[in-house]
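Observations on chain architecture
Here is how the chains run, residue by residue.
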Amino acid sequence: MRVNVHVNGVRETVDDVWEGESLLYLLRERMGLPGSKNACEQGECGSCTVYLDGVPACSCLVAAGQAHERSVRTVEGLATATGTADRLDPVQQAFVETGAVQCGFCTPGLIVQAHDLIERNPEPTDAEIREALAGNLCRCTGYEKILDAVRVAARRKAAAQ
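This section reports on the structure supplied with the text. (Residues numbered from 1 in each chain as written. Predicted model: local features only at pLDDT ≥ 70, side-chain atom pairs only at ≥ 80, totals over all residues. Heavy atoms only, no water.)

Attention shifts here to unusual backbone geometry. For Glu 41, which is not a glycine, the phi torsion comes out positive at approximately 55 degrees. As for its position among the elements, Glu 41 is in the loop between α1 (23–30) and β3 (49–52). Of the residues examined, Glu 41 reaches a relative accessible area of 53% and is grouped as exposed. (Helix = DSSP H or I, 4+ residues; strand = E, 2+ residues; numbered from the N terminus. Buried < 20%, exposed > 50% of the residue type's maximum accessible area, 1.4 Å probe, protein only.)

Below, the structure is given as structure tokens:
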């Protein structure tokens, strides 16, 4: 089957997509976008979270064919191209600055989910941050640096408005 999908603002066509292929596989293996991680393949860990038509979704649970003629934004798509380099999204930058990235496996999903939270609520409480990230598992950090990163990014967004 042929899948036409808008990925990070670019219309892409992928041929020979098989019926059981996931959006995660399509993104990573066919389109060369390795940001979303393949961890549980059951929608339990959040490592593969992407935006699907503006809503966070576990790409391991979405059949590639379901993305036909839809919009997907990955963690790579959060950065802004500026000439020869990409400028990190403020959430991505905050994760780097606060040391919220350890092994990095959970990071893309956490960043997409945190980005969504801050877009909807520029000044989230700690309880709201924890609730928004509840579907994303991390085995390395103990979450405190992740929470710090979201707080930093939220403060910067609020100050910029």
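Relative to the elements of secondary structure, Thr 107 occurs in helix α3 (residues 107–120). For Thr 107, a relative accessible area of 8% translates into the label buried. Those residues in contact with Thr 107 that sit more than four places away from it in its chain are Phe 95 and Val 101. (Contact = heavy atoms within 4.5 Å.)

Taken as a whole and judged by the stated rule, the model has ten salt bridges. Asp 126 is the salt-bridge partner of Arg 151, the closest N and O atoms lying 2.9 Å from each other. With Arg 151 in helix α5 (residues 144–160) and Asp 126 in helix α4 (residues 126–132), the pair connects residues that are 25 residues apart, well separated along the chain. Judged by its relative accessible area of 38%, Asp 126 is partly exposed. Two residues, Asp 148 and Arg 151, come together in a salt bridge whose shortest N-O distance is 2.6 Å. (Salt bridge = Lys/Arg side-chain N within 4 Å of Asp/Glu carboxyl O.)

Bringing α3 into the picture now. For an α-helix, the turn length of 3.6 residues means that residues three or four places apart are oriented alike. In a regular helix each residue adds 1.5 Å, so 14 residues correspond to 20 Å; α3 covers 20 Å between its end C-alpha atoms and thus fits that length. In terms of burial, α3 is a largely internal element, twelve of the 14 residues being buried. For α3, the full list of buried residues reads Thr 107, Pro 108, Gly 109, Leu 110, Ile 111, Val 112, Gln 113, Ala 114, His 115, Asp 116, Leu 117 and Ile 118. Along its buried surface, α3 packs onto β3, β4 (55–58), β5 (71–73), α2 (90–98), α4 and α5. (Expected span 1.5 Å × (residues − 1).)

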